[in-house]
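Listed below are the residues making up each chain.
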Amino acid sequence: MSKIARARFAFCILKALPLALLSLPLSAHAATELLQVYTYDSLKGKGSLTEAILKDFVSNQCKIDFVSVGDSLQMVGRLESEFDRGTPHADVILGFDQFQVPRLKRYLEAPPAVKGLIPQIASAVSGMPAVPFDAGFMTFMVDTNRVAKTQFATWKDDWAAIPDKSTALIDPRTSTPGWGFYLLTRQTAGSDWRKLWKQLKPKWLTLAPSWDSAYALFTSGRASWVWSYLSSQAYHQAQGELSRKAVRVDEGLPLQIELAGVVKKKRTVNQVRCVELFFSTLLSRTIQREVPKRQWMFPVLQDVDLPSAFDGVPGFSKTKVLELKVPSPDDTSSMRREWESEVRAQ
């Protein structure tokens, strides 16, 4: 081939190369993206839901980095601090609940749409900039070897039945179940909530910083009551510990819905695809089937089979929901100050 022919051939190759590259999928010539997901401590580690997500998340272009940030409210606080400094690091925040949405919504963008949610959950999260991934009815778990009664007409009856120095409660400043309990006491007692907390304070065995540390006191036998979830009974049934049961209250149980949100930040097309892939994995039927076994909570999708350990644990069709008002950010700050000055400081 002559020099002129070789030159013409090279020119044709170079001219065609950009078109060839454009015809390839973007991910085929992009670097691996690191998706940073903030979550709370007990969502990480062996046997956790994030372990199942990592196993099921298949992508050559995306890698998930789950970052544990203490308990759930500590995670929310960290994200707020990063935005205050103008340096948000997380791409996704996993494990806050509906009561934190007013506080978080300015940091979140619209998530991918989800179909097939349980109707009560779909209604509760409608309009929120977040996607649900599990849910549970909050209540006390008790050791029936030491507690005779597990059914009450009202929460007032329940409060009165708790013995002194028997209960592991959770700090509402650091934990979403603890905050849910605080909201429940304020709503059910109304203007007498301060009086109620004076009645409850002798009943504390401790005020734990997280659900994990509170529940450890219950499983070790030090506490006979612990603030937890109706579905926690399923965990103990799976272990053959049939004396540990959930308290039922005819007045209704408050529902907590755990959520995931997309953090507002600039993203490339590939980064957007990674976020979408994460959410499609989180809400896949494969992962939703793992929720009852790893979170001991209810899945959010309809028609997901529950393990046999959930037999006898009433679900959405048989449990009355006591709806708790979701406070505004200003009300949340005020209620927290009142907790610190009028409850914790006493």
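Relevant structure appears above.
The structure contained in this document is the topic of the report that follows.

Quick notes on the rules
Residues numbered from 1 in each chain as written. Predicted model: local features only at pLDDT ≥ 70, side-chain atom pairs only at ≥ 80, totals over all residues. Heavy atoms only, no water. Helix = DSSP H or I, 4+ residues; strand = E, 2+ residues; numbered from the N terminus. Buried < 20%, exposed > 50% of the residue type's maximum accessible area, 1.4 Å probe, protein only. Contact = heavy atoms within 4.5 Å. Lys, Arg positive; Asp, Glu negative; His and termini not counted. Charge placed at Lys NZ, Arg CZ, Asp CG, Glu CD. Phe/Tyr/Trp six-rings, centres within 6.5 Å; stacked < 30°, edge-to-face > 60°. Core = buried A, V, L, I, M, F, W, Y, C linked by side-chain atoms within 4.5 Å. Disulfide = S-S within 2.5 Å. Axes fitted to C-alpha atoms, helices over the stretch in contact; angles between N-to-C directions. Parallel < 35°, antiparallel > 145°, perpendicular 65-115°, else oblique. Left-handed = near helix turned anticlockwise from the far one by under 90°. Nonpolar A, V, L, I, M, F, W, Y, C, P; charged D, E, K, R; others polar. Salt bridge = Lys/Arg side-chain N within 4 Å of Asp/Glu carboxyl O.

### So, the overall build of the protein chain
When helices and strands are tallied, the protein chain shows 13 helices and twelve strands. Across the 346 residues in the protein chain, those meeting the buried criterion constitute 49%. Intrachain contacts of the protein chain at a sequence separation of at least 6 include 79% that bridge at least 24 residues. A gap of 6 Å separates the mean positions of the 44 positive and 35 negative side-chain charges of the protein chain.

### As for the packing of aromatic side chains
Counting across every chain of the model gives 26 aromatic pairs. With 5.6 Å between their ring centres and 65° between their planes, Phe298 and Phe310 make a pair best called edge-to-face. Of the two residues, Phe298 sits in the loop between α12 (285-294) and α13 (329-344) while Phe310 sits in the loop between α12 and α13, which places them twelve residues apart along the sequence. On the numbers, 5.8 Å between centres and 70° between planes, the contact of Phe298 with Phe316 is edge-to-face. Placement of the pair is Phe298 in the loop between α12 and α13 and Phe316 in the loop between α12 and α13, with a sequence separation of 18 residues. Using a relative accessible area of 3% as the deciding quantity, one classes Phe298 as buried. Look at Phe316 and you get buried, because its relative accessible area is 12%. Site record: aromatic cluster; members linked through ring pairs are Phe140, Trp155, Trp159, Trp179, Phe181, Tyr182, Trp193, Trp197, Trp204, Trp225, Trp227 and Trp339.

### Points about the nonpolar core
The biggest cluster of nonpolar side chains holds 106 residues, and the ones touching the most others in it are Leu94, Phe96, Phe140, Trp155, Trp197, Trp227 and Phe278. At eight residues, strand β5 (residues 131-143) tops the list of elements feeding residues into this core. Setting aside residues up to four positions removed in sequence, Trp227 forms contacts with Met138, Thr139, Phe140, Trp155, Ala168, Leu169, Ile170, Pro177, Phe181, Leu184 and Trp211.

### Considering the side chain of Glu80
Relative to the helices and strands, Glu80 is located in helix α3 (residues 72-85). Among the residues examined, Glu80 registers a relative accessible area of 15% and is labelled buried. For Glu80, the residues in contact, after removing those within four places along its chain, are Arg103 and Tyr107.

### Observations regarding the state of the cysteines
Here the structure, examined in full by the defined rule, presents one disulfide. At a sulfur-sulfur separation of 1.9 Å, the disulfide partner of Cys62 is Cys274. In this structure, the disulfide formed by Cys62 and Cys274 twists by about -80° around the S-S bond and is classed as left-handed. A residue pair is termed long-range when its members are at least 10 positions apart, and Cys62 in strand β2 (residues 62-68) and Cys274 in helix α11 (residues 269-282) qualify at 212 residues. Assigned by exposure class, Cys62 and Cys274 land together as buried.

### Details of the packing of helix α2 (residues 49-56) against α12
The geometry of α2 relative to α12 is characterised by a closest axis approach of 9 Å and an angle of 155° between their N-to-C directions. Taken together, the axes of α2 and α12 are roughly antiparallel relative to one another. For α2 against α12, the interelement crossing comes out right-handed. Contact with α2, carried on its side by Leu49, Glu51, Ala52, Ile53 and Asp56, involves Thr286, Ile287, Glu290, Val291 and Arg294 of α12 and no other residues of that element. A class-by-class count of the residues in the contact of α2 with α12 yields five nonpolar, one polar and four charged.

### Quick word on the pattern of salt bridges
Under the definition given, this model contains 15 salt bridges. Here Asp91 makes a salt bridge to Arg267, at a shortest N to O gap of 3.9 Å. Of the two residues, Asp91 sits in the loop between α3 and β3 (92-97) while Arg267 sits in the loop between β12 (255-263) and α11, which places them 176 residues apart along the sequence. Of the two residues, Asp91 and Arg267, both sit in the buried class. One salt bridge in this structure joins Glu338 and Arg186, with 2.7 Å as the shortest N-O distance.

### A short note on the environment of Lys293
Here Lys293 is to be found in helix α12. Separated by 173 residues in sequence, Lys293 and Gln120 place their C-alpha atoms 22 Å apart.

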